[in-house]
Amino acid sequence: MGQTIACANQKGGVGKTTTVVNLASALARDGDHVLVVDLDPQGNATSGFGVDRRALDTSVYDAVVGDIALADLVVTAPGARVDLVPASIALAGAEVELAGVDARERRLRRSLEAITDRYDVVLLDCPPSLGLLTVNALTAADAVLIPLQCEYYALEGLTQLLATIDLVRDHLHPGLAVNGIVLTMYDGRTNLSADVAAEARRHLGGTVYDTVIPRSVRLSEAPSHGLPIAAYAPSSTGAAAYDALADEFRLRTGLVDPPLDAHIAVVA
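Residues numbered from 1 in each chain as written. Predicted model: local features only at pLDDT ≥ 70, side-chain atom pairs only at ≥ 80, totals over all residues. Heavy atoms only, no water.

## Here we look at unusual backbone geometry
The backbone of alanine 103 sits at a positive phi, close to 50°, despite the residue not being glycine. Locating alanine 103 in the fold gives a position in the loop between α4 (94–97) and α5 (107–113). By relative accessible area, which is 34% here, alanine 103 ends up partly exposed. Its identity is not glycine, yet methionine 185 carries a phi of approximately 55°, on the positive side. Look at methionine 185 and you get partly exposed, because its relative accessible area is 23%. (Helix = DSSP H or I, 4+ residues; strand = E, 2+ residues; numbered from the N terminus. Buried < 20%, exposed > 50% of the residue type's maximum accessible area, 1.4 Å probe, protein only.)

## Some points on the environment of threonine 237
In this structure, threonine 237 sits in helix α11 (residues 237–253). The sequence separation of threonine 237 and aspartate 117 amounts to 120 residues, and the corresponding C-alpha distance is 33 Å.

## Some points on the confidence of the model for the protein chain
Keep in mind that low pLDDT regions are not for reading the predicted coordinates in detail. Summing up the model confidence of the protein chain, the mean pLDDT is 91 and the portion of residues at 70 or higher is 95%. Low pLDDT, under 50, characterises residues 262–268; the predicted model gives this stretch 15 contacts beyond four residues in sequence or across chains. (pLDDT = per-residue confidence, 0-100. Contact = heavy atoms within 4.5 Å.)

## Overview of the pattern of salt bridges
Overall, the coordinates contain 11 salt bridges when judged by the stated rule. Residues aspartate 187 and arginine 189 are paired through a salt bridge, measuring 3.0 Å at the closest nitrogen-oxygen approach. Judged by relative accessible area, aspartate 187 falls into the buried class, the value being 13%. Glutamate 199 serves as the salt-bridge partner of arginine 202, at 2.2 Å between the closest nitrogen and oxygen. Of this pair, arginine 202 and glutamate 199 both sit in helix α8 (residues 191–204), 3 residues apart, roughly one helical turn. Residue glutamate 199 is classed as partly exposed on the basis of its relative accessible area of 24%. Beyond isolated ion pairs, a larger network of salt bridges with shared partners links Asp30, Asp32, Asp247 and Arg250. (Salt bridge = Lys/Arg side-chain N within 4 Å of Asp/Glu carboxyl O.)

## Overview of the packing of helix α1 (residues 16–29) against α11
The interhelical angle for the contact between α1 and α11, taken along N-to-C directions, is 75°, at an axis separation of 9 Å. As judged from the angle between their axes, α1 and α11 are roughly perpendicular. When α1 is examined against α11, the residues Thr18, Thr19, Asn22, Leu23, Ala26, Leu27 and Arg29 are found in contact with a partner set consisting of Tyr242, Asp243, Leu245, Ala246, Phe249 and Arg250. Looking at the contact of α1 with α11 residue by residue, the class counts come to 7 nonpolar, 3 polar and 3 charged. (Axes fitted to C-alpha atoms, helices over the stretch in contact; angles between N-to-C directions. Parallel < 35°, antiparallel > 145°, perpendicular 65-115°, else oblique. Nonpolar A, V, L, I, M, F, W, Y, C, P; charged D, E, K, R; others polar.)

Listed below in structure tokens is the structure:
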């Protein structure tokens, strides 16, 4: 049975969807069977894979709010060898529609149970909030991957996210782990990025991935072409960074056995 990882951060613009799209692509390119579930009403992961949301009749909304099986909603991402459950703007009203539903925090978990054993990795792209859709993702996931932008405000928001993860553990999903924190939008020309990275590593230790995702024009351009960075600019620093992140991710999730000299921690 594969690992289900929620990529979450309530702060927008931290590279969350960029990480989901490009990590999924890098994993799939090396042979892993990957499913991405886009839970963000903005549907950026959907368009980032080159899928036109306007042409879709169904989306993840129909599984979370309705009774359609998740397997019936899967499409193949044309820009990568990745399966995708796309999002639609209908998700924007999902939290209101689910307000009076029994076990509303477990809707996604129940939908995923019938499909996760088909994949090595399931990546859940969460919306930039700590609302019911994100809680559904955290309740359904084995672990959380947290992109952290190299800015001081991002560090402040991390405390709130970790508190939410603790609440989910206490009330809904005791086994939820933290897969790791990925430093994103790192600008090596500035002291700020270096200071935030050092601060994160000092306080969070082995939870922080060794791989750092740089600030990159190519990474910013790729979604407008509906392509992951490996297809859009394979020789770019962004592509190299996500390849390295995929290798480290495999070690943390147990997809490959670590070498004898590996010192990568899996943090619960």
